[in-house]
Amino acid sequence: MVIVACLLLPMAAVVLYGMDRLEDWLTRTPPTPRHARHRHLRLVQGGRHESLTRPRNGQARSNAA
């Protein structure tokens, strides 16, 4: 029985070490993607040809269908 315990102890140590490494690998935070660095929002100019000011007669214009 002592021989079996001595043979199982190194195997249990390897399994515990492997599970520890696997847990660290699964719970680490992902690195930021290369394309997401140093980018800023770029607004597209144009697209709307109307004036952005409100009409002066007090009524708001609606473009609803």
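Residues numbered from 1 in each chain as written. Predicted model: local features only at pLDDT ≥ 70, side-chain atom pairs only at ≥ 80, totals over all residues. Heavy atoms only, no water.

**Q** Got a minute to help me understand the overall build of the chain in this structure?
**A** Across its full length, the chain carries one helix and zero strands. The burial tally for the chain puts 0% of its 65 residues in the buried class. Approximately 7,500 Å² of the chain is accessible, and the part contributed by carbon and sulfur atoms is 61%. (Helix = DSSP H or I, 4+ residues; strand = E, 2+ residues; numbered from the N terminus. Buried < 20%, exposed > 50% of the residue type's maximum accessible area, 1.4 Å probe, protein only. Areas by Shrake-Rupley, 256 points an atom, 1.4 Å probe, with all protein chains shown as cover.)

**Q** Which parts of the structure should I look at to understand a nonpolar patch on the surface?
**A** There is a patch of nonpolar side chains on the surface, built from Val4, Leu8, Met11, Val15, Met19, Leu22, Trp25 and Leu26 and spanning about 820 Å² of accessible area. Among the structural elements, Leu26 can be located in helix α1 (residues 2-27). (Patch = residues over 30% accessible without salt bridge, like charges linked within 9 Å, V, L, I, M, F, W, Y side chains within 5 Å. Salt bridge = Lys/Arg side-chain N within 4 Å of Asp/Glu carboxyl O.)

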